[in-house]
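# Reading the structure
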Amino acid sequence: MKGEGRMVFKSKMKWVGLLGLVLSAISLFVHFLLARFTEGGVSEYHSSITIFPRRTIGESLNFSKTSPMYRRLWGPVRHLESLHPNANPRGHYADPGSDTSGFIFVRIQGGFHEIRNSICDVVVVARFLNATLVIPEIQSTTSSKGISSQFKSFAYLYNEDQFMAALSKDVKVVKTLPKNLKGLRRKKNIPVFKVPYSASPYYYKHHVLPILKKHLVVELVVSDGGCLQAILPPDLEECQRLRCRVAFHALRFRQEVQELATEILHRLRAPGQPFIAFDPGMTREALAYHGCAELFQDVHTELIQHKRHWMIKRGIVKGKLLVNSAEQRLNGSCPLMPEEIGIVLRAYGYLWDTIIYVSGGEIFGGQRTLIPLRAMFENVVDRTSLSMPWELSRIYGREANLVDRNPGSPPMIEEEMKIEAWKTAGPRPRPLPPPPARPKSYNIEGWWGWVAESDNEPDSTVMELRTNAHKLLWEAIDYVICVEADVFIPGFDLDGKGHPNFASLVMGHRLYQSAASKTYRPDRKKVTKLLEEIRNHLYHANHTWLMSVRKNLRKRLVDGLIEASARSKPLSFISHPVPECSCLRHDPAGKSINATTSDRTSTSTSHSQVLAALGVVHYCPAWMENDLILQSKDKENEETLDEDDSTSSGLFFRKNNGFHEGGNGDLSNKEETQLEDQEELEGGER
């Protein structure tokens, strides 16, 4: 009987196992069908994965969009609400005539921000010289870089038709040179100018223009991220507004890139929460230029030092090879690490479930540098986590398979040669001949093995050139998302040549498009000093330290902007297009943000001081007034500034259950909270 019972039990278990296998097969089959036949379904299915928690921004702490806490974190910068974009000509501005001085053909080299800066400059140069501009070339050949041949040069990144249409009243633009001039260029019979960085209008008027009129065509090679000085004489102020029209209206990404960026932005906003965009700015070139090698360890430090040595040999860096990175960091010359940015944001009051989008085509040090930031915020995402691989592949186009192009084994030696070498060898017994040398392949999956074996960096492979081209598209996607983000904060704002970088262009675009949107410009020197004060207990800060961080970050919302006008603008105009491309609106209500008369007077004075520091004196034209009046009414509805905010303090590491790890004293004290809110709303932003 026992044997029969065991047999029955085993039989039942077999049937249960068989049923489980059948159900698993059916489930896999259904998933394959979904992935194969419904592209839109894949997109929806991916975005429904719980990347973000299913709760609204106010659920855990129960504050509304009109509360002081919400406005402190996400609200507009009130001192900048009267600034609006206006890049239209303000005086006599003639359309480009049919008679031109000749054709300007431009080759632009560099990364995303260098290309964008350079395009703005060459358009202004063409206008200044009354020349016809040929669509700039930003990818010399497609085959040598392994990218798709369906996208030619400028069209790989930007929309050619939009570019030409938007500038039709500014500069005459054509897609290619006429046939006769194209033949001369192939034969290298046209004059070529390697334009220096930040060249003056005098250079073009006295050096380029005579040659242009003589030969009817010149070629400009721009390699340093700009070819015209950022600050132009007052009589060329319309050229500054032309730069704004190029950067913020004419330069639109090609349709496939723009659509993917819009879709990722839609997925970011799907949970109904605002989000922060963070650009680390940690590229190998920037770290090498500023001497920040010791922020990393092992091979990463060697790579940075190798790049710095290369820069010194070519005159890019004037300093010594060995630099004290600790001193550079304390001076604010090195990027803020993701961990430091995370601590500052938590100290300011952003919750652990805040959505943070990390941008950048390259983060030197890899994903491990983001581990501390991910530990502080559960929703740290980037373009790869918000898109499907096939969506990214689609924007690359049809590219050739490069797998089979890797170097293979050396050719085999002929058998006769082997026998002859064996006969003519020395006395026996002989050792076996050494095996043939295997080809070296470096830079595989981010590992640089050549550092330990060679002083010279190997030439880039076709696959690496393709990846560099893809970085342009990645940064284009990130650029769109960073400009539209509710809050933007950079880790660094300089590139590997000491010029404004990707983050600077984003901040300039946000300043032009929506000046009042929250854009933090942290003082790296001050932040580093504050972090050093609690270096031994970073995650257990007291109330006084938290208040210091908050006041510093609030102050930099405006002071950092004023500082950028003196520091960044002389290097890149579109990183700070104020006041030339902005106008000042009248306040029809005649009201300020505070309740009492004395507060209104104080705020009005502070507001006028900010605008005076920025140099904004031009008032918006009458046709803009209707839209501005509506915005003013919306602002009045939000002016309930005295409500109690008992959660404004002690948010460093608080979660939904109300527990927080850091902080000394009673941070929920009502009087402290009200005093803090009063400071922030009356003068904290200044």
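Below you will find a few notes about this structure. (Residues numbered from 1 in each chain as written. Predicted model: local features only at pLDDT ≥ 70, side-chain atom pairs only at ≥ 80, totals over all residues. Heavy atoms only, no water.)

## A closer look at the overall build of the chain
Of regular secondary structure, the chain possesses 23 helices and 12 strands. When the 686 residues of the chain are sorted by exposure, 49% land in the buried category. Contacts spanning at least 24 positions in sequence make up 81% of the contacts within the chain whose residues lie at least 6 apart. (Helix = DSSP H or I, 4+ residues; strand = E, 2+ residues; numbered from the N terminus. Buried < 20%, exposed > 50% of the residue type's maximum accessible area, 1.4 Å probe, protein only. Contact = heavy atoms within 4.5 Å.)

## Describing the environment of Gly91
With respect to the helices and strands, the residue Gly91 is situated in the loop between β1 (83–85) and β2 (103–108). The partly exposed category is assigned to Gly91, whose relative accessible area is 47%. Through-space distance from the C-alpha of Gly91 to that of Glu238 is 8.3 Å; in sequence the pair is 147 residues apart.

## A look at the state of the cysteines
Under the criterion given, the structure shown has three disulfides. The disulfide bridge from Cys244 ends at Cys581, spanning 1.9 Å between sulfur atoms. Handedness of the Cys244-Cys581 disulfide follows from its S-S torsion of about 90°: it is right-handed. Note that Cys244 is positioned in helix α8 (residues 237–250) and Cys581 in the loop between α20 (543–567) and β12 (582–584), a separation of 337 residues in sequence. We note that Cys244, like Cys581, is buried. Put simply, Cys292 and Cys334 are joined by a disulfide, and their sulfur atoms are 2.0 Å apart. On the sign convention where negative means left-handed, the S-S torsion of about -100° between Cys292 and Cys334 marks this disulfide as left-handed. (Disulfide = S-S within 2.5 Å.)

## Some remarks on the pairing of strand β7 (residues 275–279)
Counting buried positions along β7 yields five of five residues, so the element is predominantly enclosed. Pairing of β7 with strand β8 (residues 355–358) involves four bridges; the strand directions are parallel. In the sheet register, Phe275 faces β8, and the bridge partner there is Ile355. Across four bridges, β7 lies against strand β10 (residues 487–490) in parallel orientation. Paired with Phe278 across the two strands is Ile489, which belongs to β10. (Pairing = 2+ DSSP bridges.)

## A look at the packing of helix α17 (residues 462–484) against helix α18 (residues 502–513)
How two helices sit against one another is set out by the angle between their axes and by the gap between those axes. At their nearest, the axes of α17 and α18 sit 9 Å apart, and the two run at 40° to each other. Classified by the angle between their axes, α17 and α18 sit oblique to one another. The chirality of how α17 crosses α18 is right-handed. Contacts from Glu475, Asp478, Tyr479, Cys482, Val483 and Glu484 of α17 reach α18 at Phe502, Leu505, Val506, His509, Arg510 and Gln513. A per-class count over the contact of α17 with α18 returns six nonpolar, two polar and four charged. (Axes fitted to C-alpha atoms, helices over the stretch in contact; angles between N-to-C directions. Parallel < 35°, antiparallel > 145°, perpendicular 65-115°, else oblique. Left-handed = near helix turned anticlockwise from the far one by under 90°. Nonpolar A, V, L, I, M, F, W, Y, C, P; charged D, E, K, R; others polar.)

## A look at the pattern of salt bridges
One pass over the structure, following the stated rule, counts 25 salt bridges. For Lys497, the salt bridge goes to Asp224, with nearest N and O atoms at 3.3 Å. Taken together, the residues span a long stretch of sequence, with Lys497 in the loop between β10 and α18 and Asp224 in the loop between β6 (217–222) and α8 at a distance of 273 residues. Using a relative accessible area of 26% as the deciding quantity, one classes Lys497 as partly exposed. Classification of Asp224 by relative accessible area gives partly exposed; the value is 28%. Through salt bridges that share partners, Asp493, Arg524, Arg556, Glu563 and Arg567 make up one connected network. (Salt bridge = Lys/Arg side-chain N within 4 Å of Asp/Glu carboxyl O.)

## Quick look at α18
The end-to-end C-alpha separation of α18 is 17 Å, in line with the 16 Å expected for 12 residues at 1.5 Å each. With 11 of its 12 residues buried, α18 lies for the most part within the structure. All of the buried residues along α18 are Phe502, Ala503, Ser504, Leu505, Val506, Met507, Gly508, His509, Arg510, Leu511 and Tyr512. The distance from a side-chain oxygen at the start of α18 to the backbone nitrogen of Ala503 is 3.2 Å, and the residue carrying that oxygen is Asn501. (Expected span 1.5 Å × (residues − 1). Polar contact = N/O pair within 3.5 Å; in protein donor to acceptor, adjacent residues only side chain to side chain.)

Honestly, that's just the spatial picture; any functional story needs more than this.
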